[in-house]
Every structure is written in structure tokens, then in C-alpha cells.
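# A structural walkthrough
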Amino acid sequence: MALSTETAEKVEALYLERLDAHFQGSLKFGPIVVEPTRDSEGVDTFRVTIIYEGTGQRPDPKKAIEVMTSLSWDFEAMGLPPVLIHSYVKKEEYPELVRLRQQMPWDHDEDEDQT
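What comes next concerns the included structure. Keep in mind that what you see is a predicted model, and the values were worked out from it rather than measured. (Residues numbered from 1 in each chain as written. Predicted model: local features only at pLDDT ≥ 70, side-chain atom pairs only at ≥ 80, totals over all residues. Heavy atoms only, no water.)

## Looking at the pattern of salt bridges
Put simply, the rule reads: Salt bridges are counted wherever a side-chain nitrogen of Lys or Arg sits within 4 Å of a carboxyl oxygen of Asp or Glu. By the criteria applied, helices consist of DSSP H or I runs no shorter than four residues and strands consist of E runs no shorter than two, each listed in order from the N terminus. Working definition: with a 1.4 Å probe on protein chains only, accessible area under 20% of the residue-type maximum means buried, over 50% means exposed, and in between means partly exposed.
On inspection of all chains with the given rule, the structure shows 7 salt bridges. The residue Arg18 makes a salt bridge to Asp74 at a minimum N-O spacing of 2.5 Å. A residue pair is termed long-range when its members are at least 10 positions apart, and Arg18 in helix α1 (residues 5–23) and Asp74 in helix α2 (residues 61–77) qualify at 56 residues. Classification of Arg18 as buried rests on a relative accessible area of 16%. Between Lys28 and Glu53 there is a salt bridge, with its nearest N and O atoms 3.9 Å apart. One end of the pair, Lys28, is in strand β1 (residues 28–38); the other, Glu53, is in strand β2 (residues 44–53), and 25 residues separate them in sequence.

Structural data, given as C-alpha cells:
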């Protein structure tokens, strides 16, 4: 699935808007990293990494579900997959996540490499 810069920016802006509305300043969010990927069944979708910072707090799961529910209609209207793979990562842990993702052999599509 191709992900245009414009679409990624729209998804990021929607996330930031909804996160701010639901968490009301209890955590600071950003950046929101939007990447094309495939889910466990091979269906094209997006991986969204929500980077946050706050004093020892983790995002409230109920609020996180509310954010995803409110976004699902927007994504459908944009022609995007209704289910996104998303994760919340503390700002100081994000560099380690990037390093680990670069080592994930299952994240690379080997079928495309074979002819």
C-alpha cells in the first residue's frame, strides 16, 4: 500500500486532534509516526506509533479506545483501512523501538524479493 505524505500528515493531524480532546493535556503527544504495513493476515494497513511524554503516566486504555473509535469513521471516509495497528511509546523509549524494528525479519516482505 502506498502512503502519500499528504495522507500520513492528515492521519497524524487527526490523531493529535483526538488525543488532545480525549486526554485533555494530561499527556503530551507527538510526533505521530504513520507507516504502511501489513497485518498478521497479510492485509494492507497502517502502523501508527503514538509518542507521548508525561510524568510516569501511561495512556488511559479507556481513552485510547475512545480515540480509535472516533477515528475509525474519519479513516473510512478517507478510504483508509478501518483497523490500524497502533502503539503508545514513551518518548525516551522510541529510539530503542526504532532500532528493534530495523532488526525484525518478519516485517520485511520476502515474497516481493523472490521472482
